[in-house]
Amino acid sequence: MQFGRRSLLLAAAAGTATAATATAAAAGPRESGGPVVIGHRGAAGWRPEHTAPSYTYAVQTGADWIEPDLVPTKDHVLVVRHENEISQTTDVARHPEFANRRTTKTVDGRAVTGWFTEDFTLAELKTLRAVERLPAVRNRNTVFDGRAQVMTFQEVVDLARRLSREHGRTIAVFPETKHPTYFRSIGLPLEPKLAAAIRRNRLGRRECVVQSFEPTSLRRMTDLGVPLWQALGTTGGPYDLPGRTYRDMMTPTGLAEIAAYADWIGPDKASLVGTSLVADAHAAGLRIGPYTFRAENQFLPERFRRGSGANDFGDAFAEYALYYRMGVDAVVTDFPDLAVIARRS
């Protein structure tokens, strides 16, 4: 049953990919044609995240923006990984030459053990290969393990521009500054390098949107001329503002404060259910793009689950329809192909 449902979804995606790509509007805040579809780390549901194949597949199936999470190397080059700890997303543990670099660090107040990008030069990271981060959930993606290198942010920008030419539409990059306070504390600040890359590549409002969970990081980049996106968690608050909670930030007063420096908010999708957050964000002059949409049952509301397995595919189309009816301006998704099909419906 699981295989059959996945096959149906794959067939649907393949059958409509060309039409979806042809009709998707240019990147940047869409003025018509439905919400922006953002490929979360590319097409992470179908390929190991943050790899050239993942980003390419996302665009081929209709994504408007592609999202690289940014962390630095020892020689201060911005690379794209979900976290600076890379044991789950690369084959670093299989490299005996790096065994002595396994360590424990405190990142944003939490002890983390593994291998960290800031302890490797770019040349060293390029000897590693990407692997599927969630092999127990997405075993199908492990067939691609070991086939892709760690990418730099510049390589993602270059790829987005090449894909824009190939598909005849502007593909935006949607970089996130990861743990910016931590990296600033160890002498590897993210914002100057990101700002330099945006200026060097002359990325405009339709080609780049910068996001962060830390308001201080965004405020350091208000002069770049590109939209800024305040990401919001479900519990706690931004690490750079002790005592400030995400719940506070989602009140009308908090949204007005965000609107003073940002153009978008990105809350967890659960924050929209049974609340006035969409209307409140729009009233504050903000656009709203919830995260993260996935097709597996364990990530879906109970009423949209199908089959008995946690990783069986549920009715993802029904979930997209629900949020599109709420009036969201974007969706952040591991399955951009499914989001595009739902948008066309």
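Because the structure is predicted, anything quoted here is derived from the model rather than measured.

1. Here's the deal with the overall build of the protein chain
Inference 1: Check the secondary structure of the protein chain and you find 12 helices and 13 strands.
Inference 2: Taking 2.2 N^0.38 as the reference for a compact globule, 345 residues should give roughly 20 Å; the C-alpha atoms of the protein chain span a radius of gyration of 19 Å, in line with that estimate.
Inference 3: Reported as C-alpha extents along the three principal axes, the dimensions of the protein chain are approximately 50 × 45 × 40 Å.
Inference 4: Scored against the burial criterion, the 345 residues of the protein chain give a buried share of 56%.
Inference 5: Here the contacts in the protein chain between residues at least 6 apart in sequence split such that 65% fall between residues at least 24 apart.

2. Remarks on empty space enclosed by the protein
Inference 1: For the structure on display, the rule yields one cavity of 30 Å³ or more.
Inference 2: Roughly 40 Å³ of volume is contained in the largest cavity.
Inference 3: Taken together, Val157, Ala160, Arg161, Ser164, Ile171, Val173, Leu203 and Glu207 form the lining of the largest cavity.
Inference 4: Counting residues per element, the lining of the largest cavity draws most heavily on helix H4 (residues 153-167), which supplies four residues.
Inference 5: Here the lining of the largest cavity is built from residues that sort into five nonpolar, one polar and two charged.

3. As for unusual backbone geometry
Inference 1: Between Tyr291 and the following residue, Thr292, the backbone shows a cis peptide bond with an omega angle of -25°.
Inference 2: With respect to the secondary-structure elements, Thr292 resides in the loop between strand S12 (287-288) and helix H11 (316-326).
Inference 3: At His50, a position not held by glycine, the phi torsion is positive, near 60°.
Inference 4: One can find His50 in the loop between strand S1 (36-39) and helix H2 (52-60).
Inference 5: Positioned with a positive phi, His76 is a non-glycine residue whose angle comes to about 65°.
Inference 6: Among the structural elements, His76 can be located in the loop between strand S3 (69-72) and strand S4 (78-80).
Inference 7: Looking at His76, the relative accessible area reads 17%, which means it is buried.

4. A closer look at the pattern of salt bridges
Between side chains of opposite charge, a pair can form when the charged atoms approach closely.
Inference 1: The tally for this structure, following the rule as stated, stands at 21 salt bridges.
Inference 2: Residue Arg162 pairs with Glu166 through a salt bridge whose shortest N-O separation is 2.7 Å. Remark: Glu166 and Arg162 occur in helix H4; sequence separation between them is four residues, near one turn of the helix.
Inference 3: Its relative accessible area of 35% is what places Arg162 among the partly exposed residues.
Inference 4: The shortest N-O distance in the salt bridge between Asp334 and Arg294 comes to 2.9 Å. One end of the pair, Asp334, is in the loop between strand S13 (330-333) and helix H12 (336-344); the other, Arg294, is in the loop between S12 and H11, with 40 residues separating them in the sequence. No difference in accessibility class separates Asp334 from Arg294, as the two residues are buried.
Inference 5: Salt bridges sharing common partners tie together Arg138, Arg140, Arg294, Glu296 and Asp334.

5. Quick look at the nonpolar core
Inference 1: In terms of nonpolar packing, the biggest core is built from 82 residues, with Ile66, Val210, Ile258, Ile265 and Tyr320 touching the most fellow members.
Inference 2: Looking at this core element by element, the count peaks at six residues for H4.
Inference 3: Every residue in contact with Ile66, bar those within four places of it in the chain, is listed here: Gly39, Tyr55, Ala58, Val59, Val156, Ala160, Ile171, Ala172, Val173 and Phe174.
Inference 4: The next biggest cluster of nonpolar side chains, apart from the first, holds 12 residues, and it includes Ile38, Trp65, Ala172 and Tyr291.

6. Structural notes on the confidence of the model for the protein chain
Inference 1: Chain-level pLDDT for the protein chain is 92 on average; 91% of the residues reach the 70-or-more range.
Inference 2: Below a pLDDT of 50 lies the segment residues 1-32, which in the model reaches 66 contacts outside its immediate sequence neighbourhood of four places, other chains included.

7. Here's the deal with the packing of aromatic side chains
Inference 1: As enumerated under the stated definition, the model contains 15 aromatic pairs in all.
Inference 2: Consider the rings of Trp65 and Phe174, whose centres lie 5.3 Å apart with planes at 55°: the pair is tilted. Placement of the pair is Trp65 in strand S2 (residues 65-66) and Phe174 in the loop between strand S7 (172-173) and strand S8 (176-177), with a sequence separation of 109 residues. We note that Trp65, like Phe174, is buried.

Reading the values: rules and limits
Residues numbered from 1 in each chain as written. Predicted model: local features only at pLDDT ≥ 70, side-chain atom pairs only at ≥ 80, totals over all residues. Heavy atoms only, no water. Helix = DSSP H or I, 4+ residues; strand = E, 2+ residues; numbered from the N terminus. Rg over C-alpha atoms; globule rule 2.2 N^0.38 Å. Buried < 20%, exposed > 50% of the residue type's maximum accessible area, 1.4 Å probe, protein only. Contact = heavy atoms within 4.5 Å. 1 Å grid on protein atoms, 1.4 Å probe; cavity = no way out; pocket = protein on both sides within 12 Å on 5 of 7 lines; lining within 4 Å. Points joined across faces, edges and corners; volume = space filled by probe spheres on them. Nonpolar A, V, L, I, M, F, W, Y, C, P; charged D, E, K, R; others polar. Salt bridge = Lys/Arg side-chain N within 4 Å of Asp/Glu carboxyl O. Core = buried A, V, L, I, M, F, W, Y, C linked by side-chain atoms within 4.5 Å. pLDDT = per-residue confidence, 0-100. Phe/Tyr/Trp six-rings, centres within 6.5 Å; stacked < 30°, edge-to-face > 60°.

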